[in-house]
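Per-entry structural report
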Amino acid sequence: MSQRVLAEVVSQYLEVGAGRDEDFLAILGGYRSELEPLLGIIRLLKSVLVPVEPSASFAAALKARLITMPVEELPPATPLYPKRLVLGAVAFGSLVSAAAVYLIYSRARMARAA
Amino acid sequence: MQLARQHDTRSEAGAAKGVELRVDCTEPDEVLAERAKVDREAFGILYERHMRRIYNYVYYRTGSVADAEDLTARTFYQALSNLQRYRVQGVPFSAWLFRIAHNLVANWHRDSGRHRTLPIDGLAELPNPTDDPPLVAESSEERLELRRVIARLPADRQQLLILKFVEQMPNAEIAAVMGRTEGAVKALLHRTIESLKTQLTADKAGKKG
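Residues numbered from 1 in each chain as written. Chains lettered and ligands numbered in written order. Predicted model: local features only at pLDDT ≥ 70, side-chain atom pairs only at ≥ 80, totals over all residues.

**Thoughts on the domain arrangement of chain B**
Residues and elements named next belong to chain B.
- Domain boundaries in chain B define domain 1 (10-117) and domain 2 (127-209).
- Listed per partner, the contact involves 13 residues of domain 1 and nine residues of domain 2.
- Of all the secondary structure elements, the ones that give two or more residues to the side of domain 1 that touches domain 2 are helix H3 (40-62) and helix H5 (93-112).
- A class-by-class count of the residues in the side of domain 1 that touches domain 2 yields six nonpolar, four polar and three charged. (Domains from an automatic or database assignment. Contact = placed C-beta atoms within 7 Å. Helix = DSSP H or I, 4+ residues; strand = E, 2+ residues; numbered from the N terminus. Nonpolar A, V, L, I, M, F, W, Y, C, P; charged D, E, K, R; others polar.)

This is the structure in structure tokens:
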């Protein structure tokens, strides 16, 4: 089975087939040897990564604080994306633009020469 | 049938303008987010809907209850501060919140140089879903080993596993949170599970040898 198909099968199992291993393996019986170890890891992940519950006092106190907190006490609004990421994207965009201008210029020069 | 809980509120801003605002608890996040710009009660409902998910995400990324509480609180403070900038046409509200939490966790790791993730020490305290027969067979040792392997994964793969297994998000929502395509999420999920399988097998072989 190709990696792409296997990725799709694993994804489908997680979205709709979890807990119905035998039904799932019956449909894809020919690939049992490839799928079974992956389904085993998924089962193990489900047993390890379980939701936890925050303390009730923390949850209630934070809600009360959020509802009553004066605007002046809120932290200053910050951009969603870190400054370094934005600067990096701008620098990359500038480089691409410069390369494009250079490419257009050199092609035009070659065309003129020809 | 679940009865729609509806309550009337008069927000600070609304009261100042003499406007009575009605907040419907059944409204979608995006509608509530618009209302929350002028009404804290609406923000309170959004908090009730998303607090546990954000707390879980931060808890599994930091491995500590104290840090999870601190960063969860900071996530909602920042959300409240930045709410005016939130646009419904952009990412879903939940994905927007998760991005704030993700940035705070990333800063926390960078500033403190701490790499401890996944609450390994708290394993015994976590609920074990023993009502699922196939899970009973998985030994504590196997689960501990898996936690160790997950803790060594790159941050984006840890994030993916937490969103998929703890938060039980569909791939489309994970894609919105992580800023990737749905196809990229599927591929990364598969590669991550394959890599866990390889590492667990190698660890087992190493112990036997």
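Further notes follow.
**Overview of the interface of chain B and chain A**
- Listed as interface residues are 46 residues of chain B and, on the opposing side, 35 residues of chain A.
- For the side of chain B that touches chain A, the secondary structure elements donating two or more residues are H3, helix H4 (65-82), H5, helix H6 (133-136), helix H7 (140-151), helix H8 (155-166) and helix H10 (182-208) of chain B.
- The biggest single contributor to the side of chain B that touches chain A is H3(B), with ten residues.
- Of the residues belonging to the side of chain B that touches chain A, the class tally is 24 nonpolar, nine polar and 13 charged.

**Comments concerning the nonpolar core**
- One finds B:Leu46, B:Val58, B:Leu97, B:Ala101 and B:Ile162 to be the most contacted residues of the largest nonpolar core, which totals 58 residues.
- The biggest single contributor to this core is H3(B), with twelve residues. (Core = buried A, V, L, I, M, F, W, Y, C linked by C-beta atoms within 7 Å. Buried ≥ 20, exposed ≤ 12 C-beta atoms within 10 Å, placed from the backbone.)

**Thoughts on unusual backbone geometry**
Residues and elements named next belong to chain B.
- Even without a glycine there, the phi angle at Gln168 is positive, about 50°.
- With respect to the secondary-structure elements, Gln168 resides in the loop between H8 and helix H9 (171-178).
- We classify Gln168 as partly exposed; it has 14 C-beta atoms within 10 Å.

**Digging into the packing of H5(B) against H9(B)**
Residues and elements named next belong to chain B.
- Across the interface, H5 lies against H9 with an axial gap of 8 Å and an inter-helix angle of 45°. The angle between H5 and H9 places the two elements in the oblique class. Pair H5 / H9 crosses with right-handed handedness. Here Ser94, Ala95, Phe98 and Arg99 of H5 lie close against H9, whose contacting residues are Glu173, Ala176 and Val177.
- Residues that form the contact of H5 with H9 fall into these classes: four nonpolar, one polar and two charged. (Axes fitted to C-alpha atoms, helices over the stretch in contact; angles between N-to-C directions. Parallel < 35°, antiparallel > 145°, perpendicular 65-115°, else oblique. Left-handed = near helix turned anticlockwise from the far one by under 90°.)

**Structural notes on the environment of B:Leu104**
All names here are of chain B.
- You can see Leu104 is positioned in helix H5.
- In this structure, the C-alpha to C-alpha distance between Leu104 and Gln78, residues 26 residues apart in sequence, is 9.7 Å.
- Leaving out residues up to four positions away in the same chain, Leu104 has contacts with Leu71, Arg74 and Thr75.

**Thoughts on H3(B)**
Residue and element names in this part refer to chain B.
- Between its terminal C-alpha atoms H3 stretches only 29 Å, short of the 33 Å expected from 23 residues at 1.5 Å a residue.
- Of all bends in H3, the biggest is about 50°, found at His50.
- Here H3 lies mainly inside the structure; 19 of its 23 residues are buried.
- Of the residues trailing H3, Gly63 is marked for its positive phi of about 75°. (Expected span 1.5 Å × (residues − 1). Bend = angle between axes of the 7 residues up to and from the residue.)

**So, the confidence of the model for chain B**
Residue and element names in this part refer to chain B.
- Looking at chain B, the pLDDT average stands at 80 and 75% of residues meet or exceed 70.
- Here strand E1 (residues 6-9) is the element of chain B with the lowest mean pLDDT, 36, and H4 is the one with the highest, 95.
- Ignoring residues within four places in sequence, the model shows residues 1-21, a span with pLDDT below 50, making 30 contacts including any to other chains.
- A low-confidence stretch, residues 121-131 (pLDDT under 50), is modelled with twelve contacts involving residues beyond four sequence positions or located in other chains. (pLDDT = per-residue confidence, 0-100.)

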